[in-house]
There are 2 protein chains.
Amino acid sequence: MEQKKRTEIASLGQFGLIDRLTAPFTPHNASTRKGVGDDAAVLTPPEGCEVLCTTDTFFEGVDFDLTYFPLKHLGYKVITAAVSDLLAMNAQPAQVTVSLGVSAKLPVEALDDLYEGIAFACREQEIDLVGGDTRASMTGLVIAVSAFGFAPREQIVYRSGAQLHDLICITGNLGAAYMGLQLLEREKRVLTDVKNPEPQFKGYEYLLEKYLKPRPRTDIIATLGEEKITPTAMIDLSDGLASDLMQICKASKCGARIYLERIPIAQQTTALAEEMHTDPVIAALNGGEDYELLFTVPLAMQEQVMRLGLIDVIGHITAESTGAFLVTPDGQEIKLKAQGFPG
Amino acid sequence: MEQKKRTEIASLGQFGLIDRLTAPFTPHNASTRKGVGDDAAVLTPPEGCEVLCTTDTFFEGVDFDLTYFPLKHLGYKVITAAVSDLLAMNAQPAQVTVSLGVSAKLPVEALDDLYEGIAFACREQEIDLVGGDTRASMTGLVIAVSAFGFAPREQIVYRSGAQLHDLICITGNLGAAYMGLQLLEREKRVLTDVKNPEPQFKGYEYLLEKYLKPRPRTDIIATLGEEKITPTAMIDLSDGLASDLMQICKASKCGARIYLERIPIAQQTTALAEEMHTDPVIAALNGGEDYELLFTVPLAMQEQVMRLGLIDVIGHITAESTGAFLVTPDGQEIKLKAQGFPG
């Protein structure tokens, strides 16, 4: 195996490191007035727009495992996660800041890889990196991402706007990212202490991509915009369908019924779940990190939404007093439960 | 000693914890359209203003030591650090987001204390907490703060505006926070394994306050505004005078001469430095975390600036080719060096 060059972080110093990592980033968006290089970034919102901001943190050992997570993909994924929150407000992402806590165990080349993934995502999403911070961390890698976007006030979609009888819609399919993670964890367990490990991923490439390099659904927001469909409520699927739907119910003071057979699950998700003797529906409900969009639209829009061919209608909004339920094909009603923090 | 109540984080769950911590925060500023509780916060910039944003991260074991750093103070300090970056752009701070990585070793009550300090700083600075994230961390406490502020375009002050012959000004005094840290570290070393430790802080209370609970210099920005003084360049003193002045020189493509005898150093700083056989000037130059402001104004403003009684003129801007130097009373010139990342 080729020995990669290893430059110690300490040899560059904090300012040298920041210069090296941020040098390739020059602002392109008209709304970026001042990017990296001062005490704060300066943004100029487009005429008549509000500013949307969101922040996400990623911890080594909790949110990612560097033994199998390539740093390029990780850089791409943290941008997806942040951008996805802005899309879920129906806003146009425009800027990000990335702050790192890095332990000395990582060479500068590893951070180059991370930033290459960040740069790739920024180019693809047409967003500017406008700031950040790089600090020593006593422990693992920590990544904090803030993202900024813009939208006219009347276009912004909150979690709180769902109305009785609204349709519950989702994009893509669910549980694939979770099964991708299960696969990576299985191969890690199996291949511990194996000298030249050759993990078996054949047939499950899609699951790996959904977990390691998820794409934000910018395409959906663009399509909804073109079709003049403004959802009544929206959230991105980062914590799993059950948790995220319950967030909409809580904010909108409503209940929900979703139908098990309508939840889109990819073939590879089902296949791996069977192989690993788990239930693909559990992966879809509680898996998280799919970065698909969950939203509601008025019942009258059913035909218009279905015609797009990009969106599945999985249920509808009910009165708050009825709670949130999953209905199985044989008519059983299972109360949804929020996941979250590992206990 | 009174036994404090200890609630495990896991008993509340992630969403319960976030609700508990953020419940006391209701937005007050007109520019906060939507605070905590959705995928992103929504801000409405005041008419004619740009948006300024900055982000800071704080790592247990690197940036703070919980064995002597009270969590209330830590909450206050992280807000000061973020707000200070906005003040250094001559902007009005208005919102913050706070994201945490918490290990299970901290009880919920510790996070209550942290948020009490954050709430206190927010009230004092009239800023709204508008978002954040709380995650499990495998390691110590990690705090990521983003801060948002507003300013009319023509009022924003960058690091890059310093001109030849401009005066170099600083607020307050330097090195006190660093000596406060040295004192806390000394007492920690001395009292390790002592059963009921009684650290000796008498006579050095000011140093402790400067380290544990520094105030952002909002007063200075207000006064400069009233006096219609717009600095040509500005930065906040977070990395130490030498590093921060060199940042201005780099961005403004200039050199600098500062005079050792003009650097304001508090009596307690000098006293403790003598007691600990260190040089108070080193503390002032390299100490950092003073959160005072370093700025430049045109030479013609000398009298106006000095009349305020709040600001010391410590030197002047020179040509880029001459570099950045500290001049000692006997005329020696010492080249300034940037600190940063521990090597």
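Heads up: these notes are all about the structure in this document.

Let us look at the sheet that holds strand 4 (residues 92-102) of chain B. One open sheet accounts for six strands, arranged 1(A)-2(A)-3(B)-6(B)-4(B)-5(B); its pairing is mixed. Each edge of the open sheet is held by one strand with a lone partner, namely strand 1 (32-34) of chain A together with strand 5 (128-136) of chain B. Ignoring strand direction, the axes of neighbouring strands in this sheet form an average angle of 25 degrees. In the sheet, strand 2 (residues 41-43) of chain A pairs with strand 3 (residues 49-59) of chain B via three bridges, with the strands oriented antiparallel. Looking at strand 3 of chain B, one finds that Ala 41 of chain A is bridged to Cys 53 of chain B. Contacting strand 4 and strand 5 of chain B, helix 1 (residues 9-22) of chain B runs over the sheet at an angle of about 170 degrees to strand 5 of chain B. Most of the contacts of helix 3 (residues 108-125) of chain B go to strand 4 of chain B, to which it runs at about 170 degrees, and overall it touches strand 4, strand 5 and strand 6 (142-152) of chain B.

Counting through the fold element by element, Glu 109 of chain B comes out in helix 3. For the buried Glu 109 of chain B, no salt bridge is present, and the opposite-charge side chain at shortest range is Arg 20 of chain B, 4.2 Å distant.

Let us look at the relation of the copies chain B and chain A. For the pair chain B and chain A, the relating rotation is 180 degrees, the translation along its axis is 0.0 Å, and the fit reaches an RMSD of 0.0 Å. Expressed as a symmetry operation, the mapping of one chain copy onto the other fits a two-fold axis. Both copies share a contact surface, since 100% of the interface residues of chain B are interface residues in chain A too.

The subject of this paragraph is the sheet that holds strand 5 (residues 128-136) of chain A. Ordered by their spatial adjacency, six strands build an open sheet running 5(A)-4(A)-6(A)-3(A)-2(B)-1(B), and the pairing between neighbours is mixed. A strand with exactly one partner marks an edge of an open sheet, and here the two such strands are strand 5 of chain A together with strand 1 (32-34) of chain B. Neighbour to neighbour, the strand axes of the sheet diverge by 25 degrees on average, direction disregarded. Alignment of strand 3 (residues 49-59) of chain A against strand 6 (residues 142-152) of chain A, held across eleven bridges, turns out to be antiparallel. Bridge pairing in strand 6 of chain A places Phe 59 of chain A opposite Val 142 of chain A. This element, helix 2 (residues 71-87) of chain A, spans strand 3, strand 4 (92-102) and strand 6 of chain A of the sheet and lies at about 140 degrees to strand 3 of chain A.

What follows deals with empty space enclosed by the protein. Taken as a whole, this structure holds four cavities of 30 Å³ or more when the rule is applied. Considered as a void within the structure, the largest cavity measures approximately 40 Å³ in volume. Of the residues assigned to the lining of the largest cavity, the class counts are four nonpolar, four polar and one charged. Approximately 40 Å³ is the volume attributed to the second largest cavity. Within the lining of the second largest cavity, the residues separate by chemical class into four nonpolar, four polar and one charged.

Here we come to helix 5 (residues 205-212) of chain B. The α-helix winds at 3.6 residues per turn, so residues separated by three or four positions along the chain end up facing the same way. Among the residues of helix 5 of chain B, those classed as buried are Leu 207, Leu 208, Lys 210, Tyr 211 and Leu 212 of chain B. The secondary structure elements touched by the buried residues of helix 5 of chain B are helix 2 (71-87), helix 4 (176-191) and helix 8 (267-275) of chain B.

Listed by partner, the interface residues are 70 residues for chain B and 70 residues for chain A. The contact between chain B and chain A buries some 5500 Å² in all, and 59% of this surface belongs to carbon and sulfur atoms. The closest approach of N and O atoms between Asp 19 of chain B and Lys 250 of chain A, which form a salt bridge, is 2.9 Å. Between the two partners, chain B and chain A, sit 25 residue pairs in polar contact (both at pLDDT 80 or more). Residue composition of the side of chain B that touches chain A, by class: 32 nonpolar, 21 polar and 17 charged.

Our focus in this paragraph is helix 8 (residues 267-275) of chain A. All names here are of chain A. Looking only at helix 8, the buried set comprises Thr 269, Leu 272 and Ala 273. Across the axial projection of helix 8, the buried residues extend over an arc of 105 degrees, all falling on one side. In helix 8, the exposed positions that point more than 90 degrees away from the buried face belong to Gln 267 and Glu 274. With its phi angle positive at about 55 degrees, His 277 sits one or two positions after the end of helix 8.

Mapped onto the fold, Arg 135 of chain A is located in strand 5. From its side chain, Arg 135 of chain A meets the backbone oxygen of Thr 57 of chain B in a polar contact 3.1 Å long. A polar contact of 2.3 Å, which involves the side chain of Arg 135 of chain A, links it to the side chain of Asp 63 of chain B.

Once that is clear, we can look at the environment of Ala 88 of chain B. Relative to the elements of secondary structure, Ala 88 of chain B occurs in the loop between helix 2 and strand 4. Relative accessible area serves as the criterion here: at 0%, Ala 88 of chain B is assigned to the buried category. Here the alpha-carbon distance between Ala 88 of chain B and Leu 294 of chain B, two residues 206 residues apart in the chain, equals 8.2 Å. Setting aside residues no more than four positions away along its own chain, Ala 88 of chain B makes contact with Asp 39 of chain A together with Val 157, Met 234, Ile 235, Asp 236 and Leu 293 of chain B.

We now examine the packing of helix 5 (residues 205-212) of chain A against helix 8 of chain A. Residue and element names in this part refer to chain A. Viewed as axis vectors pointing N to C, helix 5 and helix 8 meet at an angle of 105 degrees, and their least axial separation amounts to 8 Å. Taken together, the axes of helix 5 and helix 8 lie roughly perpendicular to each other. Contacts between helix 5 and helix 8 involve Glu 205, Tyr 206 and Leu 207 from the former and Gln 268, Thr 269 and Leu 272 from the latter. Residue composition of the contact of helix 5 with helix 8, by class: three nonpolar, two polar and one charged.

It is worth spelling out the pattern of salt bridges at this point. Following the criterion strictly, the structure yields 38 salt bridges over all chains and no others. A salt bridge links Asp 63 of chain B to Arg 135 of chain A, with the nearest nitrogen and oxygen atoms 2.3 Å apart. Taken together, the residues span two chains, with Asp 63 of chain B in the loop between strand 3 and helix 2 and Arg 135 of chain A in strand 5. In this structure Asp 63 of chain B comes out as buried when scored by relative accessible area, which is 13%. Sharing partners across several salt bridges, the network here consists of Lys 210, Arg 217, Asp 219 and Glu 292 of chain A.

Glancing now at the environment of Thr 22 of chain B. Residues and elements named next belong to chain B. Relative to the assigned elements, Thr 22 resides in helix 1. Not counting residues within four places of it along the chain, the set of residues in contact with Thr 22 comprises Val 36 and Leu 129. At 2.7 Å, the side chain of Thr 22 forms a polar contact with the backbone oxygen of Ile 18.

Residue and element names in this part refer to chain A. Where burial is concerned, the two faces of strand 12 (residues 324-327) agree: the one with Ala 324 and Leu 326 and the one with Phe 325 and Val 327 are both buried. The pairing of strand 9 (residues 255-259) with strand 12 spans four bridges and is parallel. Across the sheet, the residue bridging to Ile 258 is Leu 326, located in strand 12. Here strand 12 hands over to strand 13 (residues 333-335) after five residues, with Gly 331 in that stretch at a positive phi of 90 degrees.

The rules behind each value
- Residues numbered from 1 in each chain as written.
- Chains lettered and ligands numbered in written order.
- Predicted model: local features only at pLDDT ≥ 70, side-chain atom pairs only at ≥ 80, totals over all residues.
- Heavy atoms only, no water.
- Pairing = 2+ DSSP bridges.
- Helix = DSSP H or I, 4+ residues; strand = E, 2+ residues; numbered from the N terminus.
- Axes fitted to C-alpha atoms, helices over the stretch in contact; angles between N-to-C directions.
- Contact = heavy atoms within 4.5 Å.
- Buried < 20%, exposed > 50% of the residue type's maximum accessible area, 1.4 Å probe, protein only.
- Lys, Arg positive; Asp, Glu negative; His and termini not counted.
- Salt bridge = Lys/Arg side-chain N within 4 Å of Asp/Glu carboxyl O.
- Least-squares fit on C-alpha atoms with pLDDT ≥ 70 in both.
- 1 Å grid on protein atoms, 1.4 Å probe; cavity = no way out; pocket = protein on both sides within 12 Å on 5 of 7 lines; lining within 4 Å.
- Points joined across faces, edges and corners; volume = space filled by probe spheres on them.
- Nonpolar A, V, L, I, M, F, W, Y, C, P; charged D, E, K, R; others polar.
- Buried area = accessible area lost by both parts, 1.4 Å probe.
- Polar contact = N/O pair within 3.5 Å; in protein donor to acceptor, adjacent residues only side chain to side chain.
- Arc of directions from axis to C-beta.
- Parallel < 35°, antiparallel > 145°, perpendicular 65-115°, else oblique.

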